[in-house]
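Results of the structural survey
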Amino acid sequence: MTTHQIECDTALGKVYLIANERGLCGVYFGKRPLPLLTTLREDIPSHACLREASLQLKAYSEGRLREFDLTLDFSGTPFQESVWNALRAIPFGATISYKQLAERIRNPKAVRAVGSANGRNPLCIIIPCHRVIAADGSIGGYSGGLPIKEKLLALERTRK
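In short, a report on the structure. Keep in mind it's a predicted model, so treat the numbers as computed, not measured.

**Remarks on the overall build of the protein chain**
Along the backbone of the protein chain there are five helices and five strands. Seen in sequence order, the protein chain has helices and strands lined up from the N terminus as β-β-β-α-α-β-α-α-β-α. In summary, the protein chain has a C-alpha radius of gyration of 15 Å against a globular reference of 15 Å for 160 residues, a match within 12%. In terms of overall dimensions, the protein chain has C-alpha extents of about 45 × 35 × 25 Å along its principal axes. Across the 160 residues of the protein chain, 46% fall into the buried class. Put simply, of all contacts in the protein chain between residues at least 6 apart along the chain, 56% involve residues at least 24 apart. Accessible area for the protein chain stands at about 8,300 Å²; split by element, carbon and sulfur atoms hold 49% of it.

Listed below in structure tokens is the structure:
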């Protein structure tokens, strides 16, 4: 399956978006996993997806959008997908702990595995893994880096 990538400048910094004909399949900070497209062509479905994802991501980063409405194409192990789907249910501006996330997927002893699945989320921001923090209230980790996670949490706190 052919995938395409664009670079998106947002208020949070550069983000790389990847899509195929089934939907958006990657959102990454500071990495360029594929060669960049030079033009977005309307006749290629993945390009329309990338254009829409770019618009929505910019609106979100500027505080004008709370929920994404995009076609997603992500895959992982059944456990990872259960974690990623649970992440999608965390409301804008809310945070939960890794332990609470493990409880939500009915696997309360899998806190470390939940953290690992959270870190492998291929669609950061869109699937809001930044809303998961440590049980003691500290920020925890983030694949895009802690400064980005702090910005995401601050953005959502101010736009509640």
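**Some words on the pattern of salt bridges**
Oppositely charged side chains can pair when the atoms bearing their charge come close. According to the stated counting rule, one finds five salt bridges in the structure shown. Note that Arg-22 is salt-bridged to Asp-73, the shortest N-O span being 3.1 Å. Highlighted residues: Arg-22 in the loop between strand S2 (13-20) and strand S3 (23-29) and Asp-73 in the loop between helix H1 (45-61) and helix H2 (78-87), separated in sequence by 51 residues. Residues Glu-62 and Arg-64 are paired through a salt bridge, measuring 2.7 Å at the closest nitrogen-oxygen approach. The exposure class assigned to Glu-62 is partly exposed, which follows from its relative accessible area of 43%. A cluster of three or more residues bridged by salt bridges with shared partners is formed by Glu-7, Asp-9 and Lys-14.

**Section: the environment of His-47**
Within the secondary structure, His-47 is located in helix H1. Each C-alpha atom of the pair His-47 and Leu-24 lies 9.8 Å from the other, and the pair is 23 residues apart in sequence. Residues in contact with His-47, not counting those within four places in the same chain, are His-4, Leu-37, Thr-39, Leu-40 and Arg-41.

**Overview of the pairing of S2**
Along a regular strand, successive side chains alternate from one face of the sheet to the other. The buried fraction of S2 is high, at six of eight residues. Two elements, strand S1 (residues 4-10) and S2, share seven bridges in a ladder whose sense is antiparallel. Bridging from a neighbouring strand, Thr-10 pairs with Gly-13 of S2. Hairpin connection from S1 to S2: two residues lie between these consecutive antiparallel strands.

**Some words on H2**
Looking only at H2, the buried set comprises Gln-80, Val-83, Trp-84, Ala-86 and Leu-87. Down the axis of H2, the sector holding all buried residues measures 160°, keeping them to one side. Elements that come into contact with the buried residues of H2 comprise helix H3 (98-104), helix H4 (111-119) and strand S5 (132-133).

**Topic: the environment of Asn-20**
Assignment of secondary structure puts Asn-20 in strand S2. Excluding its chain neighbours within four sequence positions, the residues that come into contact with Asn-20 are Met-1, Thr-2, Thr-3, Cys-25, Ser-46 and Asp-73. Within the structure, Asn-20 has its side chain in polar contact with the backbone nitrogen of Arg-22 (distance 2.7 Å).

**Some details on the packing of H2 against H4**
As a packed pair, H2 and H4 sit with axes 9 Å apart at the nearest point and diverge in direction by 75°. Classified by the interaxial angle, the pair formed by H2 and H4 is roughly perpendicular. The segment H2 lies against H4, with Phe-79, Gln-80, Val-83, Trp-84 and Leu-87 engaging Ala-113, Val-114, Ala-117 and Asn-118. Looking at the contact of H2 with H4 residue by residue, the classes come out as seven nonpolar, two polar and no charged.

Rules behind the numbers
Residues numbered from 1 in each chain as written. Predicted model: local features only at pLDDT ≥ 70, side-chain atom pairs only at ≥ 80, totals over all residues. Heavy atoms only, no water. Helix = DSSP H or I, 4+ residues; strand = E, 2+ residues; numbered from the N terminus. Rg over C-alpha atoms; globule rule 2.2 N^0.38 Å. Buried < 20%, exposed > 50% of the residue type's maximum accessible area, 1.4 Å probe, protein only. Contact = heavy atoms within 4.5 Å. Areas by Shrake-Rupley, 256 points an atom, 1.4 Å probe, with all protein chains shown as cover. Salt bridge = Lys/Arg side-chain N within 4 Å of Asp/Glu carboxyl O. Pairing = 2+ DSSP bridges. Arc of directions from axis to C-beta. Polar contact = N/O pair within 3.5 Å; in protein donor to acceptor, adjacent residues only side chain to side chain. Axes fitted to C-alpha atoms, helices over the stretch in contact; angles between N-to-C directions. Parallel < 35°, antiparallel > 145°, perpendicular 65-115°, else oblique. Nonpolar A, V, L, I, M, F, W, Y, C, P; charged D, E, K, R; others polar.

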